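What the coordinates show
The chain contents come next:
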Amino acid sequence: MLTRRHIRTKILQNIYAIEVSHEYDMQKAENRLIKSAESLYDLYIYQLSFIREIMEFAAYKIEERRNKRLPTPEDLNPNMRFVENTFLQALVHNPALTREISRLKISWGNYPEIVRNIYNAFVESDDYKEYMSEKTHSFAKDKKIAATLFFDYILASESFEMLFDDMVVGWSDDIAIAAFFVQKTFNAIKNAQPLEKLPSLFKSEDKKEEDGDYRFMIDLQRRMLLHHDEYQEIISTHTRNWDYDRIPHTDVIILKMALAELQNFPTIPIKVTLNESIELSKMFSPPKSSLFINGILDKLIIKLTEEGKIRKTGRGLIT
């Protein structure tokens, strides 16, 4: 599920932490990167489990009203459309999800207010009321309201974001990436049948696959650390018109990543590396950094190509 952009993002964050701490231990850096990537998967499971918690809370509220001292006819014959939502049933009754929730020992019992507040905001919304009052229902409608619940009410909750930052430092920064995984899972559910398994963290589960994303992640960071001083010198040489010490730290790391990728991954097109570097700068650097990085990389690409240090194969020949 991780895209190459997600991988580059995790490497950028990891290298930034390494350079701030000046702890250039290759094995520790690699372990931290792998743990960071795997933590994204855990966050994804937490998000799915929260959707299940909302469903279970909805069922609990129905039983609570049924057992009132003086229940109304509506309490005794509730509208079950949401708790019987075919899409959500397929999502939350997935045996693989149950196993993952058990592995992580996830329990939302310590956060009743957050669950209640998000549930109340959802059931009081026009989206929910319209869904519950429709004369007909379908799997498509069930899927649509499930997406509305997750993206417009769960993810939009500030309490939900703060909750994850309290659980694991940095998790709030990864909520959007984990939500991308949830969207992929939503897309994979085509009917009321539960998925046989959840998507894996990497496209290929074979971590030894030479051109796989896992190897790309490990090798790209290794190249950056192995050639740290060399890349530092190349960048400083080509930024003489700039006060090097005042160049944003993230810009320097993005440039190092680009240098490592350009020279060591022959099947990745130059345009892809250039565009991804610019996109990273838009996410993590000051507003004008994308222009700066684009300009520096344009010069470096010409120079390194002339020196024979950039050699592309296949589609990578397209520059």
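Above: the structure in question.
Below or above, wherever it landed, is the structure these notes cover. Remember, predicted model here, so these are calculated numbers, not experimental data. (Residues numbered from 1 in each chain as written. Predicted model: local features only at pLDDT ≥ 70, side-chain atom pairs only at ≥ 80, totals over all residues. Heavy atoms only, no water.)

1. Observations concerning the side chain of T9
Here T9 lies in helix α1 (residues 4–21). Note on T9: relative accessible area 7%, which makes it buried. (Helix = DSSP H or I, 4+ residues; strand = E, 2+ residues; numbered from the N terminus. Buried < 20%, exposed > 50% of the residue type's maximum accessible area, 1.4 Å probe, protein only.)

2. Focus: unusual backbone geometry
Backbone geometry at H22 places phi at a positive 60°, although glycine is not the residue there. Position of H22 relative to the elements: it lies in the loop between α1 and α2 (26–66). The exposure class of H22 is exposed, given its relative accessible area of 61%. At K105, a position not held by glycine, the phi torsion is positive, near 55°. Position of K105 relative to the elements: it lies in the loop between α5 (95–104) and α6 (112–123).

3. Digging into the nonpolar core
Nonpolar side chains tend toward joint burial in soluble globular proteins. One finds Y44, F82 and M217 to be the most contacted residues of the largest nonpolar core, which totals 103 residues. Take this core: its biggest share by element is 18 residues, from α2. Contacts of Y44, omitting those with residues within four sequence positions, involve M1, A178, F181, V182, T185, L198 and P199. (Core = buried A, V, L, I, M, F, W, Y, C linked by side-chain atoms within 4.5 Å. Contact = heavy atoms within 4.5 Å.)

4. Topic: the packing of α2 against helix α8 (residues 139–154)
Direction vectors running N to C along α2 and α8 enclose 105°, while the axes themselves pass 11 Å from each other. Looking at the two axes, α2 sits roughly perpendicular to α8. The segment α2 lies against α8, with Q47, F50, I51 and I54 engaging L149, F150 and I154. Its residues placed into classes, the contact of α2 with α8 shows six nonpolar, one polar and no charged. (Axes fitted to C-alpha atoms, helices over the stretch in contact; angles between N-to-C directions. Parallel < 35°, antiparallel > 145°, perpendicular 65-115°, else oblique. Nonpolar A, V, L, I, M, F, W, Y, C, P; charged D, E, K, R; others polar.)

5. Brief notes about the environment of F164
Within the fold, F164 resides in helix α9 (residues 158–167). Looking at F164, the relative accessible area reads 0%, which means it is buried. F164 sits 117 residues away from Q47 along the chain, and the two C-alpha atoms are 9.8 Å apart.

6. Some words on a negative patch on the surface
A cluster of acidic residues, E158, E161, D165, D166 and D173, forms a negative patch at the surface. Relative to the elements of secondary structure, E161 occurs in helix α9. A relative accessible area of 40% places E161 in the partly exposed class. (Patch = residues over 30% accessible without salt bridge, like charges linked within 9 Å, V, L, I, M, F, W, Y side chains within 5 Å. Areas by Shrake-Rupley, 256 points an atom, 1.4 Å probe, with all protein chains shown as cover. Salt bridge = Lys/Arg side-chain N within 4 Å of Asp/Glu carboxyl O. Lys, Arg positive; Asp, Glu negative; His and termini not counted. Charge placed at Lys NZ, Arg CZ, Asp CG, Glu CD.)

7. Here we look at α6
For α6, built from twelve residues, the straight-helix expectation of 16 Å at 1.5 Å per residue is met to within 8% by its first-to-last C-alpha distance of 16 Å. Turning to α6, its buried residues number three or more, namely I114, V115, I118, Y119, F122 and V123. Taken end-on, α6 shows its buried residues confined to a sector of 150°, consistent with a single buried face. Among the structural elements, α2, α7 (126–133), α8 and α9 are those in contact with the buried residues of α6. (Expected span 1.5 Å × (residues − 1). Arc of directions from axis to C-beta.)

8. A few points about the packing of aromatic side chains
If you walk through the whole model with that rule in mind, you get 25 aromatic pairs. Judged by centre distance (6.2 Å) and plane angle (90°), the rings of W108 and F164 are edge-to-face. Of this pair, W108 sits in the loop between α5 and α6 while F164 sits in helix α9, placing them 56 residues apart in sequence. Between F151 and F186, the ring centres sit 6.3 Å apart and the planes meet at 75°, which makes this aromatic pair edge-to-face. Taken together, the residues F151 in helix α8 and F186 in helix α10 (residues 175–188) connect sequence positions 35 residues apart. For F186, a relative accessible area of 2% puts it in the buried group. It is R4 that lies over the ring of F216; its NZ or CZ is 4.1 Å from the centre. Taking NZ or CZ as reference, R81 lies 5.9 Å from the ring centre of Y131, over its face. (Phe/Tyr/Trp six-rings, centres within 6.5 Å; stacked < 30°, edge-to-face > 60°. Lys NZ or Arg CZ within 6 Å of the ring centre and 35° of its normal.)

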